[in-house]
Every structure is written in C-alpha cells, then in structure tokens.
Amino acid sequence: MSENKIKGIMDTTMDKLRAMVDADTIIGTPVVLGDTTLLPVSKVAFGLATGGSDFPSKNQTELFGGGGGAGVTITPVAFIAVKGDSIKMMPIYNDLNTIDKALNMAPELLDKAKGLFKGNKSEENT
C-alpha cells in the first residue's frame, strides 16, 4: 500500500519539476533589438528525492510518513544572435573552471612577461 503513496509523492514532485523546467527554460524567449534577435541559452540541472515508510500501529489503521523534494539550478551560458542570414553564438564566461581561466589569461601574462624581459635588457644597456 505504501508503494502507491510513494508513487503519488513522486508523481506530484515530478509534475512540479516539469512546471519549472521546460524547453523554454533552456532556449529562452527571443529578444528583438532592431534587426538582431537574441535567444538566451541556459544550462539546467536538477535533483529529485522521494521516500517514505510504513509505521507500526497498535490499531488496524495504516500509518505512513513520506516526503519528496526537488531542486533546480538554471545558469545562463550563451546567447544566439540572429541577424539576417548570419547566426552567431556568444558564450557567457561566468562559470569558468581553473584551466579556462588560465587559458584566457595566457595572452595577458605573455605580454607582461615580454615587458619584464624588455625592461631588464634596457636596464643592462644603460
């Protein structure tokens, strides 16, 4: 009997989750700016937990306790820009990992290193 109750909790939780996350969440509502249309793109992650148990009772009534829960994280990752026949993906770099950060900083670090070495050579020549 408790299996039907857990299934009911699970179905209700999934229905609520479906209401929060759909295709419009991942590819958002288009925004028109002049002759350019922007489509927001998001990454969606979710978790779901459901559980329950029958409890012993001195009388003949069944005692059941259960619950369910879900969590959703929505992170914007890019925009798709459409202008005429041209389509361009414009990523948002708000969630870079360490390697990505290092690669993005590499050109700037190389320029600074070159500047240091040039500074040392000019000091040696004076």
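Preceding this paragraph is the structure being described.
The notes below deal with the structure included here. (Residues numbered from 1 in each chain as written. Predicted model: local features only at pLDDT ≥ 70, side-chain atom pairs only at ≥ 80, totals over all residues. Heavy atoms only, no water.)

Turning to the overall build of the protein chain, a few remarks are in order. Secondary structure assignment for the protein chain yields three helices and four strands. Taken from the N to the C terminus, the helices and strands of the protein chain come in the order α-α-β-β-β-β-α. Going through the 126 residues of the protein chain one by one, you find that 10% of them count as buried. In the protein chain, the proportion of contacts linking residues at least 24 apart, taken out of those at least 6 apart, comes to 52%. Total accessible area on the protein chain is roughly 9,900 Å²; 60% of this is exposed by carbon and sulfur atoms. (Helix = DSSP H or I, 4+ residues; strand = E, 2+ residues; numbered from the N terminus. Buried < 20%, exposed > 50% of the residue type's maximum accessible area, 1.4 Å probe, protein only. Contact = heavy atoms within 4.5 Å. Areas by Shrake-Rupley, 256 points an atom, 1.4 Å probe, with all protein chains shown as cover.)

Our next topic: the pairing of strand 2 (residues 36–55). The side chains of a regular strand alternate between both faces of the sheet. With three bridges joining them, strand 1 (residues 31–33) and strand 2 adopt antiparallel strand pairing. Note that in strand 2 the partner of Val-32 across the bridge is Thr-37. Hairpin connection, strand 1 to strand 2: the antiparallel pair is bridged by two residues, and Gly-34 has positive phi, about 65°. Bridge analysis of strand 2 against strand 3 (residues 63–83) gives 20 bridges, and the strand direction is antiparallel. Bridge pairing in strand 3 places Leu-39 opposite Ile-80. (Pairing = 2+ DSSP bridges.)

This part covers the pairing of strand 4 (residues 86–91). Sheet topology note: the strand 3/strand 4 ladder contains six bridges and is antiparallel. By the bridge assignment for strand 4, Lys-83 is matched with Ser-86. If you look at the hairpin formed by strand 3 and strand 4, you'll find two residues sitting between the two strands, and Gly-84 has a positive phi there, around 65°.

Turning our attention to the sheet that holds strand 4. Here we have four strands laid out as an open sheet, ordered 1-2-3-4, and antiparallel in their pairing. At either end of the open sheet lies a strand with only one pairing partner, and these are strand 1 and strand 4. On average, each strand axis in the sheet is tilted by 25° relative to the strand beside it, whichever way the strands run. (Axes fitted to C-alpha atoms, helices over the stretch in contact; angles between N-to-C directions.)

This part takes up the environment of Leu-63. With respect to the element layout, Leu-63 can be found in strand 3. With ten residues separating them along the chain, Leu-63 and Ser-53 place their C-alpha atoms 8.5 Å apart. Those residues in contact with Leu-63, other than ones at most four positions away along the chain, are Ser-53, Asp-54, Phe-55, Pro-56 and Ser-57.

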